[in-house]
Amino acid sequence: MASTTSTPCKLALVQLAVTADKEANLANARTHVLQAASNGANLIVLPECFNSPYGTNFFPEYAETLKDGPSVKALSSMAKDANAFLIGGSIPERDPTDNKIYNTCTVYNPKGEIIGTHRKVHLFDIDVPGKIRFQESETLTAGNQLTQVDTDFGKIGVGICYDIRFPEPAMIAARQGCFAMIYPGAFNMTTGPLHWELLQRARAVDNQMFVAACSPARDLTAGYHAWGHSTIVGPDGLVLQTTDEKQSIIYAELDRTKMNEFRQSIPLTNQRRFDLYADVSKVNP
Ligand SMILES: NC(=O)CC(=O)C(=O)O
């Protein structure tokens, strides 16, 4: 499908309530994706780990292959029936070739075909004494490549949650022509209030691009309490849309004309000093 930057992009972030029942999660995702499409969204995003509870003990149990797992099948038909691009949150993926488990986002075009796959490259291994310890590496393996997908609206970079803390993937994506960076994510009650919005605004303002992060809704009966607050930020660093912790869908038009005007008025692109520091988009392996 050819990229034309003239196609208007209406983005929807689906902040889904996730349960321990995978089938119910897939059905709930489908209902909300179709609802977003019926409200005019043509680029729809689901949260990190939308088909399984978020916890290292759950990943092996819920993991499935991309080739014939139920989640990929369900996502593909959601994208097709919604006639929209779908950034399918993430799922615990088992790679049958090495039996390793990854935190993986699959991206679909409106025909339901996979156009990109991102395995979380920075695993969420943190230990904040008295607050939260989480070690994804107990059961997950990190992916080994950055991901950009071609859509009708232009190129989009994709990361997952903790990936947002590392500025380089967004920087590389912007310099390689992406107009947006999208992160399915699940911050928590410690790091959410501290950094969730700040990081999105930082990635947006540094790169003069749209940034969006889509969280699960908060479930206080679950082991991991997601922060929620799915958010869409504009290239000027201002929040375009956000929400609270409950299940909901938020929308925003990603207007590339306004982005280009903003880039012209503060022309960082032409003012960089690559004689003083490296251009990371050129050293990407
Ligand atoms: N869940 C994550 O991957 C990241 C996170 O919660 C944080 O960086 O904070």
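Look a little higher up for the structure.
Report follows, based on the coordinates. (Residues numbered from 1 in each chain as written. Predicted model: local features only at pLDDT ≥ 70, side-chain atom pairs only at ≥ 80, totals over all residues. Heavy atoms only, no water.)

**A word on the site of the ligand**
What counts, and what does not: Throughout this document, a residue counts as near a molecule or strand when at least one of its heavy atoms sits within 4 Å of that molecule or strand. For this analysis, a polar contact is any N or O atom pair within 3.5 Å, provided that within protein one partner can donate a hydrogen and the other can accept it, and provided that sequence-adjacent residues contribute only side-chain to side-chain pairs. Note on areas: these come from Shrake-Rupley sampling with a 1.4 Å probe, and a residue is covered only by the protein chains present in the view. In the scheme used here, Gly and all other residues not listed as nonpolar or charged are polar, with Ala, Val, Leu, Ile, Met, Phe, Trp, Tyr, Cys and Pro taken as nonpolar and Asp, Glu, Lys and Arg as charged.
The environment of the ligand is formed by Glu48, Tyr54, Lys120, Phe124, Cys161, Tyr162, Arg165, Ala186, Phe187, Asn188, Thr191 and Tyr224. A distance of 2.6 Å is found between an oxygen atom of the ligand and a side-chain nitrogen or oxygen belonging to Thr191. For the ligand, an oxygen atom lies 3.4 Å from a polar atom in the side chain of Tyr224. Summarising the interface, the protein chains cover 100% of the accessible area of the ligand, which totals 270 Å² for the free molecule. Here the shell around the ligand is composed, by residue class, of seven nonpolar, two polar and three charged.

**Observations regarding the nonpolar core**
For clarity, the threshold we go by: To qualify as a nonpolar core, a set must consist of buried Ala, Val, Leu, Ile, Met, Phe, Trp, Tyr and Cys residues joined through side-chain atoms within 4.5 Å. Think of it in three bands: with a 1.4 Å probe and only protein chains considered, a residue is buried below 20% of the maximum accessible area for its type, exposed above 50%, and partly exposed in between. Secondary structure elements follow DSSP: runs of H or I of four or more residues count as helices, runs of E of two or more count as strands, with numbering from the N terminus. Note on definitions: a residue-residue contact is assigned when non-hydrogen atoms from the two residues lie within 4.5 Å.
One finds Leu11, Leu43 and Ile87 to be the most contacted residues of the largest nonpolar core, which totals 42 residues. With six residues, the single largest contributor to this core is strand β11 (residues 178-184). When residues no more than four places from it in sequence are discounted, the contact partners of Leu43 are Cys9, Lys10, Leu11, Ala12, Phe85, Ile87, Phe153, Ile156 and Ile182.

**What to know about the packing of aromatic side chains**
For clarity, the threshold we go by: Pairing of aromatic side chains requires ring centres within 6.5 Å, counting the rings of Phe and Tyr and the six-membered ring of Trp. Pairs whose planes differ by under 30 degrees are stacked, by over 60 edge-to-face, and all others tilted. Charge-over-ring placement is defined geometrically: NZ (Lys) or CZ (Arg) within 6 Å of the ring centre, and within 35 degrees of the ring normal.
By the definition in use, this model includes twelve aromatic pairs. Judged by centre distance (6.2 Å) and plane angle (75 degrees), the ring pair of Phe58 and Tyr62 falls under edge-to-face. On the criterion of helical spacing, the pair formed by Phe58 and Tyr62 is a turn pair, its members being four residues apart in helix α2 (residues 58-62). A relative accessible area of 25% places Phe58 in the partly exposed class. Connected via pairs of aromatic rings, a cluster forms that spans Tyr54, Phe59, Phe124, Phe134, Tyr162, Phe166 and Tyr224. We note Lys10 situated over the ring of Tyr251; from NZ or CZ to the ring centre the distance is 5.0 Å. Sitting above the plane of the Tyr102 ring, Arg119 keeps its charged end 3.7 Å from the centroid.

**Here we look at the environment of Lys258**
With respect to the secondary-structure elements, Lys258 resides in helix α6 (residues 256-265). For Lys258, a relative accessible area of 58% gives the class exposed. As for Lys258 and Arg218, which are separated by 40 residues in sequence, their C-alpha atoms are 33 Å apart.

**Here we look at the sheet that holds strand β12 (residues 210-214)**
Sheets are built from strands that pair by backbone hydrogen bonding, the pairs being arranged parallel or antiparallel. This is how it is decided: Strands pair, by our definition, only if DSSP identifies at least two bridges between them. Lines are fitted to the C-alpha atoms to define the axes, a helix being fitted only along its stretch in contact, and any angle between axes, read from their N-to-C directions, falls within 0 to 180 degrees.
Spatially, the six strands line up as an open sheet ordered β9-β10-β11-β12-β13-β14, and their pairing is mixed. Edge positions in the sheet fall to β9 (147-151) and β14 (239-242), since each of these pairs with one other strand and no more. Each neighbouring strand pair of the sheet contributes to a mean axis angle of 20 degrees, computed without reference to strand direction. Across three bridges, β12 lies against strand β13 (residues 231-233) in antiparallel orientation. What sits directly across from Ala213, in β13, is Thr231. Here helix α4 (residues 167-175) sits on the sheet in contact with β9, β10 (154-158) and β11, set at roughly 150 degrees to β11.

**Digging into the packing of helix α1 (residues 22-38) against helix α3 (residues 70-82)**
Quick note on the threshold: Throughout this description, any angle smaller than 35 degrees is read as roughly parallel, any larger than 145 degrees as roughly antiparallel, any in the 65 to 115 degree range as roughly perpendicular, and the remainder as oblique. Left-handed describes a crossing in which the near helix is turned anticlockwise from the far one by less than a right angle; the clockwise case is right-handed.
Their axes nearest at 9 Å, the elements α1 and α3 cross at an angle of 15 degrees. The pairing of α1 with α3 is recorded here as roughly parallel in orientation. At the point where α1 passes α3, the crossing takes the right-handed sense. Residues Lys22, Leu26, Ala29, Arg30, Val33, Leu34 and Ala37 of α1 touch α3, and the partners they reach there are Pro70, Ser71, Ala74, Ser77, Met78, Asp81 and Ala82. Taken together, the residues of the contact of α1 with α3 sort by class into nine nonpolar, two polar and three charged.

**A few points about the pattern of salt bridges**
Put simply, the test is: Salt bridges are counted wherever a side-chain nitrogen of Lys or Arg sits within 4 Å of a carboxyl oxygen of Asp or Glu.
According to the stated counting rule, one finds 14 salt bridges in the structure shown. A salt bridge links Asp244 to Lys246; the nearest nitrogen and oxygen atoms lie 2.8 Å apart. Take Asp244: its relative accessible area is 29%, and that puts it in the partly exposed class. Taking relative accessible area as the criterion, Lys246 reaches 48% and is therefore assigned partly exposed. Notably, a salt bridge pairs Arg273 with Asp275, separated by 2.7 Å at the nearest N-O pair. Overlapping salt bridges, with partners in common, bring together Glu48, Lys120 and Glu136 in one network.

Interpretation note: all reported values are geometric properties and have no functional meaning in isolation.
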